[in-house]
Each structure stands twice: as C-alpha cells, then as structure tokens.
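Spelled out, the chains give:
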Amino acid sequence: MGRRERKKAQTRQALADAALELFLERGYDQVGVKDVADAADVSVTTLFKHFAGKEALVFDQDDDLEAALVAAVRERPPGRSIPQALREHLLLHQTRFAVHAADPRFADFTRLVQETPALRDYSQRMWTRHEAALARAVAEAVGAPEDDVSCAALARFALAARSLILQHPEPRRAADEAFALLEQGWAVSHPSN
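Since the model is a prediction, treat every value here as computed from it, not as a measurement. (Residues numbered from 1 in each chain as written. Predicted model: local features only at pLDDT ≥ 70, side-chain atom pairs only at ≥ 80, totals over all residues. Heavy atoms only, no water.)

(A) Representation of the pattern of salt bridges within the structure. A full pass over the atoms with the stated rule returns 9 salt bridges. Arg173 is paired through a salt bridge with Glu177; the nearest N and O atoms lie 3.3 Å apart. Here Arg173 pairs with Glu177, and both are found in helix H10 (residues 171-189), just 4 residues apart, close to one helical turn. We classify Arg173 as partly exposed; its relative accessible area is 38%. Classification of Glu177 as partly exposed rests on a relative accessible area of 46%. Salt bridges here are not isolated pairs; linked through shared partners, they connect Glu170, Arg173 and Glu177. (Salt bridge = Lys/Arg side-chain N within 4 Å of Asp/Glu carboxyl O. Helix = DSSP H or I, 4+ residues; strand = E, 2+ residues; numbered from the N terminus. Buried < 20%, exposed > 50% of the residue type's maximum accessible area, 1.4 Å probe, protein only.)

Okay, here's the thing in structure tokens:
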C-alpha cells in the first residue's frame, strides 16, 4: 500500500472511530455529519468521499464483509462445496465476532444499532446488498445465469443462517445443522458444486 492509500485508510478509520465515539456518547440522532468531520479534523466533503452517508459511518467494514463473502465462494479449495465454504467463512466470522464482543464497547455498539431505527434498517439493507453480490458469485462459480433462483436462495439462506449461528449457545453445532440442510439441498440441484 502506497503513502496515498495509507493516508486514505487512516482518514477513513479516524472518521469511523470519531463517529462511533460520538454516537455512543451522545446518541446517533444527536450527532450530525459535521460533528463527526470536526472530531476527525476533516471537512464534510472529505467525510462524504469516504462514506456514502451517516449510517455508513457505523458500518465501516461493510465493503470488507462483502468482499470476504464473495472470496469464500471464489477462492474455495477444489472439492469443497459452496455451502461448506460459506459455513467455514461464517464460523470464522463468528470467531471474529466473539473477539469483538470481548471489547467493552461492543455491547454499547450493539445496543446503538438495535435501538436506532435508521441503523437497524441500514444493517438490513447492507445484508440484502451482500445477498445480491453473494448470489452473483455463486452463479458465476457454477456457471448459472446471474438471476438463477437456486443461487439466490443459497445466498439468502446462508446469510440468514448467520443470525441463527450468532444467537445460538453452541454456534458450531448451529452452523453444522443449518449448513447440513443447505448442503443436502444444494447437492441435489448442483451435484458437482
């Protein structure tokens, strides 16, 4: 990464950190984008170069999450089915989630998202966008048309399984059971993938 890219990444991180700090301190609705820009010592124009809107400041890892989901399908080892690759990815994500959950501010962050309608809605839209990208990656991997229903269904159900896994007292068992169902159905409709 060159100097320019490092500076951009530092600015983006400073904005996300400032936003989270302000949102947790004052509440999401009481903080404007100018407040965040001022706290990060940048202009509002610079803020919007890095984030599409106020909600995006809270979910600053959105693009990385989507890229990782798509990579789980595209970069899976030979012989590993798409449902198996997604199961492993979500379990890895669950492990990282647990690490974040150990951060004392994580509970505050979770509460902020759950108690703020704009953030709850944005989070849902974010997963819907991931669903579309994941469905396209699955279709590409199996040589199906981009609008293939079985690929879209696998993407939707795999992403929905995430919340079941995260909420279950035994996440690995939940992942095994949920993805066993997906694997069986997928194997019937796409036996070689």
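Picking up after the structure, the text goes on.
(B) Summary view of the packing of helix H5 (residues 62-74) against helix H8 (residues 117-142). It is the contact of H5 with H8, at a shortest axis distance of 9 Å, that shows an interaxial angle of 25°. Of the possible angle classes, the one that applies to H5 and H8 is roughly parallel. Judged by the sense of rotation from one axis to the other, the crossing of H5 with H8 is right-handed. On the side of H5, the interface is formed by Asp62, Leu65, Glu66, Leu69, Val70, Val73 and Arg74, while H8 contributes Tyr122, Met126, Trp127, Arg129, His130, Ala133, Leu134, Ala137, Val138, Glu140 and Ala141. Taken together, the residues of the contact of H5 with H8 sort by class into 12 nonpolar, 1 polar and 5 charged. (Axes fitted to C-alpha atoms, helices over the stretch in contact; angles between N-to-C directions. Parallel < 35°, antiparallel > 145°, perpendicular 65-115°, else oblique. Left-handed = near helix turned anticlockwise from the far one by under 90°. Contact = heavy atoms within 4.5 Å. Nonpolar A, V, L, I, M, F, W, Y, C, P; charged D, E, K, R; others polar.)

(C) Representation of helix H1 (residues 3-26). Look at H1: 34 Å from first C-alpha to last across 24 residues, which is about the 34 Å you get at 1.5 Å a residue. Buried within H1 are the following residues: Leu15, Ala16, Ala18, Ala19, Leu20, Leu22 and Phe23. Residues of H1 that are buried make contact with helix H2 (33-39), helix H3 (44-50), helix H4 (54-58) and helix H7 (104-115). (Expected span 1.5 Å × (residues − 1).)

(D) Spatial organisation of H5. For H5, spanning 13 residues, the distance from its first C-alpha to its last is 19 Å, which sits close to the expected 18 Å at 1.5 Å a residue. Taken together, the buried positions of H5 are Asp62, Leu69, Val70, Ala72 and Val73. Buried residues of H5, seen end-on, are gathered within an arc of 150° and therefore sit on one face of the element. (Arc of directions from axis to C-beta.)

(E) Fine view of unusual backbone geometry. The backbone of Asp41 shows a phi angle near 60°, a positive value even though the residue is not glycine. Topologically, Asp41 is positioned in the loop between H2 and H3. The class for Asp41 is exposed, based on a relative accessible area of 71%.

(F) How the structure looks around the side chain of Glu131. By the element assignment, Glu131 lies in helix H8. Each residue touching Glu131, except ones within four places of it in the same chain, is listed here: Ala155, Arg156 and Leu159.

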